[in-house]
Each structure stands twice: as structure tokens, then as C-alpha cells.
Amino acid sequence: MTNHIDSVIAEALARLTAALPSALVVKDDDWPRRPPVDGWVNLHEGDMDGGPDIDLSPVRYNWVWPIDVEVVACPANPTMRHEALADLITAVSGVVEADRFLGGLVTYLDLEPGNTEDIQIESGAQGRGGRLTLLAQFSTTSPSG
């Protein structure tokens, strides 16, 4: 049985895959030796700081669950890495803005910006990468989220 956060991540993964058809969009994957030229996006269940807020009557667990989003742009022309990464981040942002409720799975979905930096890929390629955080707010009757 999956918990609610697994369903939220699966839906976010599906929507990002649809929004970035040329990029490789994965979940809990290792950094690729050579990212695809159209980009690489990796979703991870983020670390919770503390637990949920709890309503007692009826019992509801109110979560704000982080989902880490790693984005890597490694275009064929390394001088275009800033623009390529901006395109990936814009697509992620577009998914969030298109439906902040993920079809009813969450009460609100937000996107926190992160840092970006030039990266050297193991294969020697130059790219640019960053980490964003999706914040999924939802309530469950289960304490496991």
C-alpha cells in the first residue's frame, strides 16, 4: 500500500514528464554519467523537519511535505547551459502554476527556488544544475503521510 506522498510524487512525475517530453524525468535516480542534451529532472521525497500538525476532531494530519527536484542542463553547446537550465526551471514552474492542487491530491502546491551552479559532469561535459523544492500541502487520516 502506498502512502499519500507517493501518490503526490507519482502525479508530479507524470506532469513533469508530459511538460518536458524531450528531457529524462526520473524519480530517486543517480546522477547520469552523461545527462541527455534536453535535460535531466530527478524527484526525491524530501526530508521532513518534524511531523504534521494534528487536528483532533476529527483526527487529521496536516502535512507540508517537501519534494526535492534536481535539474541538470547539459546542452550540446555548453555556452547555452544557462538558457537550457532556465527552460527546465520554467517548465517545472509551469506545472506548478497550471494546477496548484494536482488534480485534488493536495490542498496547495508551491515551488521554492534553489541555487543553481555550473557543474562538471563525470564524463567531462559542462552543464548547469540546480535544486528546487516543491512543497505539497495535504491532509490525511494516516500518521504516515
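Residues numbered from 1 in each chain as written. Predicted model: local features only at pLDDT ≥ 70, side-chain atom pairs only at ≥ 80, totals over all residues. Heavy atoms only, no water.

Draft legend 1. Representation of the overall build of the protein. Check the secondary structure of the protein and you find two helices and seven strands. Counting from the amino terminus, helix and strand elements in the protein follow one another as α-β-β-β-β-α-β-β-β. If you line up the protein on its principal axes, its C-alpha atoms span 60 × 25 × 25 Å. Among the 145 residues that make up the protein, the fraction classed as buried is 39%. Here the contacts in the protein between residues at least 6 apart in sequence split such that 61% fall between residues at least 24 apart. Summed over all atoms, the accessible surface of the protein reaches about 7800 Å², with 50% contributed by carbon and sulfur. Charged side chains in the protein number 9 positive and 22 negative. The centres of these two groups are separated by 5 Å. (Helix = DSSP H or I, 4+ residues; strand = E, 2+ residues; numbered from the N terminus. Buried < 20%, exposed > 50% of the residue type's maximum accessible area, 1.4 Å probe, protein only. Contact = heavy atoms within 4.5 Å. Areas by Shrake-Rupley, 256 points an atom, 1.4 Å probe, with all protein chains shown as cover. Lys, Arg positive; Asp, Glu negative; His and termini not counted. Charge placed at Lys NZ, Arg CZ, Asp CG, Glu CD.)

Draft legend 2. Region of interest: the nonpolar core. Core analysis: the largest hydrophobic core is formed by 31 residues, its most contacted members being Val-8, Val-41, Leu-43, Ile-67 and Phe-138. Those elements that provide at least two residues to this core are α1 (4-19), β2 (40-45), β4 (59-73), α2 (81-98) and β7 (126-140). Excluding anything up to four places from it in sequence, Phe-138 contacts His-4, Ile-5, Val-8, Tyr-61, Asn-62, Trp-63, Trp-65, Leu-105, Val-106, Thr-107 and Gly-145. One finds Val-26, Ile-119, Ile-121 and Ala-125 within the second-largest nonpolar core, a separate group that totals seven residues. (Core = buried A, V, L, I, M, F, W, Y, C linked by side-chain atoms within 4.5 Å.)

Draft legend 3. Representation of the packing of aromatic side chains within the structure. For the structure shown, the criterion picks out three aromatic pairs. Ring geometry for Trp-63 versus Trp-65: centroids 4.8 Å apart, planes at 40°, classification tilted. When its relative accessible area of 6% is taken as the criterion, Trp-63 is described as buried. According to the relative accessible area criterion, Trp-65 is buried, its value standing at 6%. Aromatic side chains Trp-65 and Phe-138 sit 6.3 Å apart centroid to centroid with 15° between the ring planes, which places their arrangement in the stacked category. Taken together, the residues span a long stretch of sequence, with Trp-65 in strand β4 and Phe-138 in strand β7 at a distance of 73 residues. (Phe/Tyr/Trp six-rings, centres within 6.5 Å; stacked < 30°, edge-to-face > 60°.)

Draft legend 4. Examining the pattern of salt bridges more closely. In total, this model carries eight salt bridges according to the counting rule given. A salt bridge links Asp-118 to Arg-128; the shortest N-O distance between them is 2.9 Å. Of this pair, Asp-118 sits in strand β6 (residues 116-120) while Arg-128 sits in strand β7; the two residues are ten residues apart in sequence, bridging distant segments of the chain. What makes Asp-118 partly exposed here is its relative accessible area of 42%. If you follow the salt bridges from partner to partner, you end up with Glu-11, Arg-15 and Asp-99 in one network. (Salt bridge = Lys/Arg side-chain N within 4 Å of Asp/Glu carboxyl O.)

Draft legend 5. Quick peek at α1. Here α1 contains 16 residues, and its C-alpha end-to-end distance of 23 Å stays within 8% of the 22 Å for a straight helix at 1.5 Å per residue. Regarding α1, the residues found buried are Ile-5, Val-8, Ile-9, Ala-12, Leu-13 and Leu-16. Each buried residue of α1 lies within a common arc of 135° when the element is viewed along its axis, so the set occupies one face. Residues of α1 that are buried sit in contact with β1 (24-27), β2, β4, α2 and β7. (Expected span 1.5 Å × (residues − 1). Arc of directions from axis to C-beta.)

Draft legend 6. Just the pairing of β2, in detail. Both β1 and β2 contribute to a ladder of four bridges, which runs parallel. Looking at β2, one finds that Leu-24 is bridged to Trp-40. (Pairing = 2+ DSSP bridges.)

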